Amino acid sequence: MDEPVRETAGAYVFHSRPRCALSQGQERRVFWTLAAGAFGIALGFSALGYWLVLPFAGLEVGLLAWAFDALRAREGNYETLTIEGDAVVLEWRKEDGCGRRELNRRWVRIESDCSAPGRHCRISVCSHGCGTEVGQYLNDEARLQLAATLRSRLQV
Amino acid sequence: MSDVAHAHGHDEHGHHAHPTGLMRWLTTTNHKDIGTLYLIFALVMLFAAGSMALLIRAELFKPGLQLLHPDFFNQLTTMHGLIMIFGVIMPAFSGFANWQVPLMLGAPDMAFPRMNNWAFWLLPVAGILLMGSFLLPGGAVAGGWTMYPPLYIQGGISYDLTILAVHIMGLSSIMGSINIITTILNMRAPGMTLMKMPLFCWTWLITAYLLIATMPVLAGAVTMLLTDRNFGTHFFNAAGGGDPVMFQHIFWFFAHPEVYILILPAFGIVSQVIPTFARKPLFGYASMVYATASIAILSFIVWAHHMFTVGMPAAAQLFFMFSTMLIAVPTGVKVFNWVATMWRGSMTFETPMLFAIAFVCLFTIGGFSGLVLAIAPVDIQLHDTYYVVAHFHYVLVSGALFSIFAGIYYWLPKWTGHMYDETLGKWHFWLSVIGMNIVFFPMHFLGLAGMPRRIPDYALQFTEFNQIATVGAFIFGFSQLIFLAVVLKTVKGGAKATSKVWEGAEGLEWTVPSPAPYHTFETAPVVK
Amino acid sequence: MKIMWQRTGAALAAWGACQTAYAEYAYNLQEPASPIASQVFHLHNMIMLVCLGIFVVVFGAMFYSLIKHRKSVGHQAAHFHENTTVEVIWTVIPFVILMGMAYPAAKVVIAMKDTSNPDMTIKITGYQWKWGYDYLNEGVSFYSTLATPRTQIENAATKGEHYLLEVDEPMVVPVGKRVRLLITANDVLHAWWVPALGAKQDAIPGFIRDSWFEADKIGTYRGQCVELCGKDHGFMPIVVNVVSEADYKAWVEKKKGAAASAAADNGKTFDQAELVARGEKVYAANCAACHQANGMGLPGTFPAISGSKVATGPIDAHIEVVLNGRPGTAMAAFGKQLSDADIAAVVTYQRNAWANKMGDAAQPAQVAALRGGAEAAAPAAQ
């Protein structure tokens, strides 16, 4: 993500990843300090007989666990688009698994879907009536720029 | 732009039509939209709860009952407190966090945009439950925002609805906090290390920790009230073996950290504003971070200073007195650091800076009265009097609320792309600061003289100071209409703001254009 | 900035006022009338003085900076942003100042909590909305309710000097005696406070907490309930008459005589007109706060008595409601608070006032019989 676009030996490579500043170990530590605090306090009150704090601490830690799990699931995500010769190769990893698609450059079209300019555009790489979304981790401006770059690259 | 138009021509995948109008706001997951929603909600609630305060002050203008029945008076004081805390100050700070945290850290959005949307939209539901309870038989809750049993057990249906509303607001706060913690920790741009983060992010990170630690306690406490009321449990009923004082322990175990939840983000905002207008970096950044963290940690061991009159053993009183006094040390460090930031700067006095300076002075007065109240024997004399009312309004009005005003004036040009009207801003400032002192300063004297809080009518010797306070309240209340006018005027138009807006501004949020585009920082900026 | 100067000026004026004009206390705590109150008074003055000193130093520096270090006078910004020495100093100095405050404060805390060796003990019970006093050594018991007439509260009459701070039966204590207070409540939380005596204690239902005072001057001291206790929280004042030892003895004798004649009333039979006249007074003191003087109550909060099923139904059931209250609602049990004669009177009044025209009367003996039944049933219920 530091360098979304690279060009090596004539090949055009676009690579991007979601933002992720914490390592897995740090994430675990943050989660456990939060969970330990909430549970510790709730257990203290439960010991005094005021146990109804405990289920709420449980619900909260459940929500936290879901959030940190979602963060971890996101961590390895990436998308790469390579144009080399006549081959356009898309590779990605999302929460629901990995994927790879090879397309012929001559059949590829870039489509963008914008309801209002400047507001959440999506772009996809289409071939044979079947599109794959790219640039999911970019903002609208960068995504439109990517669409323009790809179009010019594919025209040759 | 031509790309966009061209793309529209052969758009086969039109299945993602983006909603407009009301649906756009209901479904938005954009941090800027949600920040705006939080701030609008807080503004509406400010006027609602502020009107209640004016009714209270109008009744207290003269001894005798003139306008309000005592029970309705109690409903107003209770709802004024609940709404100001949960409906104004907390949502306003969440609004700032939503707008500013991603901008300051160079993040594209919050970590969980959809959860962010839910967190906001729970609030109006809770707000409607609270406000709607005025229309129910028996009226709204009248037992004080602290909800002490057994009085709370006596109430009608609106007492149950208020518990539900507290649960909803608590859930919203927890979702908001999880989002803020994960955003601050995980979404920072490369090079944005924790100790390079703007102080506003630090204060919110610590606030979010406090919220996560204490919200289950509040939820548990109000649920136990609910089961005591409706399902025959005796958690707080002495006749059934419970203890009404334990509710106070549990409640204040939540509510003292809550007090810092209401003030730490204010420290953050002021720490952004003062360096900008002093044209000098914040003095003692690291000590500011440590002071904030110490205040947060201390907040867990001071709760019983709200309960010195329940009859604790001397050892407990001494412990809570000493721990409370200790809070003055990190708070003092903060005040000294702000003054040192101004020292030998090159200051200008635009409206945000004026509010920040007023914050430092007047919050410190609230801090001093807090120190007086920390001394257990003096607190026992002053507990539940107007002195306490004066104290917490100095920290919450001239503290939290003034920092919100400072923040709005500071960032509004960035958000709207227009400069606000400086003349009107200054009018708003001077009327607010003068009005605020006229309302709350005499309350110290009333409390010292022995006027209890939460009474609809008072003895004759309290008349003069109450009349002064009421006059001040109306000045302060109506001058907020100027604020409304300034905000509306700025949203509609005005001089174009540059991307840096303020000459001395530092930070990532000032590198994006004004108004900040709908999406920012999808590609990370590089922080040196 | 003007505000700042005004503020500092006001604070200075306040300080000056409490030093020079010792009788004028509008800006400080009430004139202390007990050793604890005067210790608190001086502790508060000491802390205020320290705060004022810190305020002047810190904000003196800030306002100097605001005036000198501004762009409009051409001041160039320096670039320093930390200085460990300075930061350590201004962490340590406040700490030392706080230690200086903590020591005298701790001494007062310990003195306040020391309730040992009392000369007399009074049990105080908070009710919605009155105070009950039981003199445990003398066997005197009475209730103390607001004496200010409704007409003054509703602005129909000129307000008296002690508006809202006057009661029908003040608490009376001898001067110079160590009085231990056992404080509790009957329904919700209340708090008993007389500022000049320096005694404040929450009244907690089901728990007895203690406090003490020793009045060092003869006089009348006034206070109020200071814990929100519902609708009439603002209307349950406290008045303490501090009198000489001899006057106190005379007062105790008088109270005992009154108690004996009240007990004699319980054995009598009254005619209906007597009961209604007496009942009207009992109603005004005990019932009118909720059910209102016109018997209409407050819709949604307190039910009406005028035309109610209870007041127009069987008389025994009516007496039982008054005796035992309605658990789980604000309706208190008056069995322990009112004598048989008073309950008979108030029930008779309620059945014959407003829209209620029952024409019957309850007698003290009837109340006594139902009271016996309730007490016999109570252990079985547990």
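Residues numbered from 1 in each chain as written. Chains lettered and ligands numbered in written order. Predicted model: local features only at pLDDT ≥ 70, side-chain atom pairs only at ≥ 80, totals over all residues. Heavy atoms only, no water.

Enquirer: When you look at the overall build of chain C in this model, what are you seeing that I'm missing?
Expert: The helix and strand tally for chain C stands at 10 helices and 10 strands. In terms of overall size, chain C is more extended than a compact globule, its C-alpha atoms giving a radius of gyration of 28 Å where 382 residues would be expected to give roughly 21 Å. Each principal axis of the C-alpha atoms in chain C carries an extent, and together these give about 90 × 50 × 50 Å. The burial tally for chain C puts 49% of its 382 residues in the buried class. Sequence separation of 24 or more characterises 64% of the internal contacts of chain C that already satisfy a separation of 6 or more. (Helix = DSSP H or I, 4+ residues; strand = E, 2+ residues; numbered from the N terminus. Rg over C-alpha atoms; globule rule 2.2 N^0.38 Å. Buried < 20%, exposed > 50% of the residue type's maximum accessible area, 1.4 Å probe, protein only. Contact = heavy atoms within 4.5 Å.)

Enquirer: When you look at the overall build of chain A in this model, what are you seeing that I'm missing?
Expert: In terms of regular secondary structure, chain A is built from three helices and eight strands. Ordered by position from the N terminus, the helices and strands of chain A form the series β-β-α-α-β-β-β-β-β-β-α. By residue count, 46% of the 156 residues in chain A fall in the buried class. Within chain A, residue pairs in contact and separated by at least 24 positions form 43% of the contacts whose partners lie at least 6 positions apart.

Enquirer: Where do I start with the sheet that holds strand 10 (residues 237–243) of chain C in this structure?
Expert: Within a sheet, neighbouring strands are paired by backbone hydrogen bonds and run either parallel or antiparallel to one another. Residues and elements named next belong to chain C. Strand order in the open sheet made by the three strands is 4-10-9, with mixed pairing throughout. At either margin of the open sheet sits one strand with a lone partner, and together these are strand 4 (171–174) and strand 9 (219–224). Each strand of the sheet is rotated relative to its neighbour by a mean of 25°, with strand direction disregarded. Docked against the sheet, helix 5 (residues 245–266) engages strand 4 and strand 10, running at close to 140° with respect to strand 4. (Pairing = 2+ DSSP bridges. Axes fitted to C-alpha atoms, helices over the stretch in contact; angles between N-to-C directions.)

Enquirer: I keep staring at the confidence of the model for chain C and nothing clicks. Help me out?
Expert: When pLDDT is low, close inspection of the predicted coordinates is not appropriate. Residue and element names in this part refer to chain C. For chain C, per-residue confidence averages 86 on the pLDDT scale, and 91% of positions sit at 70 or higher. Counting interchain partners and residues more than four positions distant, the pLDDT-below-50 stretch residues 15–25 has 13 contacts. In this model residues 374–382 is a low-confidence stretch, pLDDT under 50, and it forms one contact with partners more than four residues away in sequence or in other chains. (pLDDT = per-residue confidence, 0-100.)

Enquirer: Is there a simple way to think about helix 2 (residues 53–75) of chain A in this case?
Expert: The α-helix winds at 3.6 residues per turn, so residues separated by three or four positions along the chain end up facing the same way. When the terminal C-alpha atoms of helix 2 of chain A are compared, their 33 Å separation across 23 residues agrees well with the 33 Å that a helix rising 1.5 Å per residue should span. For helix 2 of chain A, the complete set of buried residues consists of A:Val53, A:Phe56, A:Ala57, A:Glu60, A:Val61, A:Leu64, A:Ala67, A:Phe68, A:Ala70, A:Leu71 and A:Glu75. Check the buried side of helix 2 of chain A and you find it contacts helix 1 (24–47) of chain A together with helix 7 (157–186) and helix 8 (199–230) of chain B. (Expected span 1.5 Å × (residues − 1).)

Enquirer: Looking at this structure, how should I read the arrangement of the chains?
Expert: The assembly contains two pairs of chains in contact; the pair sharing the most contacts is chains B and C. When C-alpha atoms are compared, chain A and chain C, though not in contact, are closest at a spacing of 18 Å.

Enquirer: Teacher, can you tell me more about the sheet that holds strand 8 (residues 130–134) of chain A here?
Expert: Residues and elements named next belong to chain A. Strand order in this open sheet of three strands is 6-7-8, and the pairing throughout is antiparallel. Strands with a single pairing partner mark the edges of an open sheet, and in this sheet they are strand 6 (109–113) and strand 8. Sheet twist, expressed as the average angle between the axes of neighbouring strands with direction ignored, equals 35°. Of the pairings in the sheet, the one linking strand 7 (residues 122–127) to strand 8 comprises five bridges and is antiparallel in character. Pairing of Ser124 across the sheet is with Glu133, part of strand 8.

Enquirer: I'm lost on helix 14 (residues 351–374) of chain B in this one. Help?
Expert: For helix 14 of chain B, with 24 residues, the first-to-last C-alpha span of 33 Å sits near the 34 Å given by 1.5 Å per residue. Burial within helix 14 of chain B is extensive, with 23 of its 24 residues counted as buried.

Enquirer: Teacher, can you tell me more about the nonpolar core here?
Expert: Buried together is how nonpolar side chains tend to be arranged in soluble globular proteins. One finds B:Phe96, B:Met321, B:Trp338, B:Val360, B:Phe402 and C:Met62 to be the most contacted residues of the largest nonpolar core, which totals 266 residues. C:Trp129, C:Val172, C:Ala199 and C:Leu228 belong to the second largest nonpolar core, which has 42 residues in total. (Core = buried A, V, L, I, M, F, W, Y, C linked by side-chain atoms within 4.5 Å.)

Enquirer: Looking at this structure, I do not really get the interface of chain C and chain B. What am I missing?
Expert: Accessible area lost during the coming together of the parts is what is often quoted as the interface size. Between chain C and chain B, the contact holds 96 residues from the first and 105 residues from the second. Interface of chain C and chain B: buried area, both sides summed, is about 8300 Å²; carbon and sulfur atoms make up 70% of it. Joining chain C to chain B, the criterion identifies one salt bridge. Between B:Glu503 and C:Lys71 there is a salt bridge whose closest N-O contact spans 2.8 Å. On the surface where chain C and chain B come into contact, there are 27 residue pairs in polar contact (both at pLDDT 80 or more). Those elements giving two or more residues to the side of chain C that touches chain B turn out to be helix 1 (2–20), helix 2 (35–68), helix 3 (84–113), helix 4 (150–153) and strand 7 (199–203) of chain C. Ranked by residue count, the leading element in the side of chain C that touches chain B is helix 2 of chain C, at 17 residues. Counted by class, the side of chain C that touches chain B contains 56 nonpolar, 24 polar and 16 charged residues. (Buried area = accessible area lost by both parts, 1.4 Å probe. Salt bridge = Lys/Arg side-chain N within 4 Å of Asp/Glu carboxyl O. Polar contact = N/O pair within 3.5 Å; in protein donor to acceptor, adjacent residues only side chain to side chain. Nonpolar A, V, L, I, M, F, W, Y, C, P; charged D, E, K, R; others polar.)

Enquirer: When you look at the packing of helix 10 (residues 264–278) of chain B against helix 14 of chain B in this model, what are you seeing that I'm missing?
Expert: If you want to describe how two helices pack, look at the angle between their axes and the distance between the axes. Residue and element names in this part refer to chain B. With their axes 9 Å apart at the nearest point, helix 10 and helix 14 run at an angle of 125° to one another. Relative to helix 14, the element helix 10 lies oblique. Helix 10 and helix 14 meet at a crossing whose hand is left-handed. Across from Ala266, Phe267, Val270, Val273, Ile274, Phe277 and Ala278 in helix 10, the residues of helix 14 making contact are Pro352, Met353, Ala356, Phe359, Val360 and Phe363. (Parallel < 35°, antiparallel > 145°, perpendicular 65-115°, else oblique. Left-handed = near helix turned anticlockwise from the far one by under 90°.)

Enquirer: I keep staring at the confidence of the model for chain A and nothing clicks. Help me out?
Expert: In this model, chain A carries a mean pLDDT of 81, and residues with pLDDT of at least 70 account for 86%. Across chain A, the element-wise mean pLDDT spans from 54 in strand 1 (residues 5–8) of chain A up to 93 in helix 1 of chain A.

Enquirer: So what exactly am I meant to see when it comes to the packing of helix 16 (residues 386–416) of chain B against helix 18 (residues 463–492) of chain B here?
Expert: Residue and element names in this part refer to chain B. Direction vectors running N to C along helix 16 and helix 18 enclose 15°, while the axes themselves pass 10 Å from each other. Compared by their axis directions, helix 16 and helix 18 come out roughly parallel. Regarding helix 16 and helix 18, the two cross each other, and that crossing is left-handed. Contacts between helix 16 and helix 18 involve Val397, Leu401, Phe402, Phe405, Ile408, Tyr409, Leu412 and Thr416 on the former and, on the latter, Phe476, Gln480, Phe483, Val486, Val487, Thr490 and Val491. For the contact of helix 16 with helix 18, the per-class residue count stands at 12 nonpolar, three polar and no charged.

Enquirer: Hey, could you run me through a nonpolar patch on the surface in this one?
Expert: Residue and element names in this part refer to chain B. The grouping of Leu22, Met23 and Leu26 at the surface amounts to a nonpolar patch, some 300 Å² of accessible area in total. Structurally, the position occupied by Leu26 is in helix 2 (residues 21–27). Taking the relative accessible area as the measure of exposure, Leu26 reaches 34% and is therefore partly exposed. (Patch = residues over 30% accessible without salt bridge, like charges linked within 9 Å, V, L, I, M, F, W, Y side chains within 5 Å. Areas by Shrake-Rupley, 256 points an atom, 1.4 Å probe, with all protein chains shown as cover.)

Enquirer: Explain the pattern of salt bridges to me, please; I cannot follow it from the model alone.
Expert: Working definition: two side chains of opposite charge can pair if their charged atoms are close together. In total, this model carries 20 salt bridges over all chains according to the counting rule given. With a shortest N-O distance of 3.3 Å, C:Lys231 and C:Asp232 are connected by a salt bridge. Residues C:Lys231 and C:Asp232 agree in their burial class; the two are buried. Three or more residues are tied together by salt bridges with common partners; here these are A:Glu91, A:Arg100 and A:Glu102.

Enquirer: Help me understand unusual backbone geometry, please; the structure alone is not making it clear to me.
Expert: A negative phi angle characterises most non-glycine residues, just as the trans form characterises most peptide bonds. A cis amide bond, omega 0°, links B:Pro149 with the succeeding residue B:Pro150. By secondary structure assignment, the location of B:Pro150 is in the loop between helix 5 (113–132) and helix 6 (151–154). Across the junction of C:Gln128 and C:Trp129, the peptide omega takes the value 0°, indicating a cis bond. Tracing the backbone shows C:Trp129 in the loop between strand 1 (120–127) and strand 2 (130–135). A positive phi angle is found at B:Asp384, which is not glycine, with a value near 60°. Mapped onto the secondary structure, B:Asp384 falls in the loop between helix 15 (376–382) and helix 16. The buried category is assigned to B:Asp384, whose relative accessible area is 4%.

Enquirer: Just checking my understanding: could you explain the side chain of B:Thr324 for this structure?
Expert: With respect to the element layout, B:Thr324 can be found in helix 12 (residues 314–326). Polar contacts involving the side chain of B:Thr324 include one to the side chain of B:His305, which spans 2.8 Å.

Enquirer: So what exactly am I meant to see when it comes to the side chain of C:Gln152 here?
Expert: Residue and element names in this part refer to chain C. Mapped onto the secondary structure, Gln152 falls in helix 4. By relative accessible area, which is 12% here, Gln152 ends up buried. At a separation of 3.1 Å, a polar atom in the side chain of Gln152 contacts the main-chain amide nitrogen of Gly160. When near neighbours in sequence (up to four residues on either side) are disregarded, Gln152 contacts Ala157, Thr158, Lys159, Gly160, Tyr163 and Glu166.

Enquirer: Sorry, what's going on with the environment of B:His249 here?
Expert: All names here are of chain B. As for its placement among the helices and strands, His249 is situated in helix 9 (residues 244–261). Distance from His249 to Thr416, taken between C-alpha atoms, is 45 Å for residues 167 residues apart in sequence. Apart from residues no more than four positions distant in its own chain, His249 is found in contact with Trp303 and Met307. Separated by 3.1 Å, the side chains of His249 and Trp303 make a polar contact.

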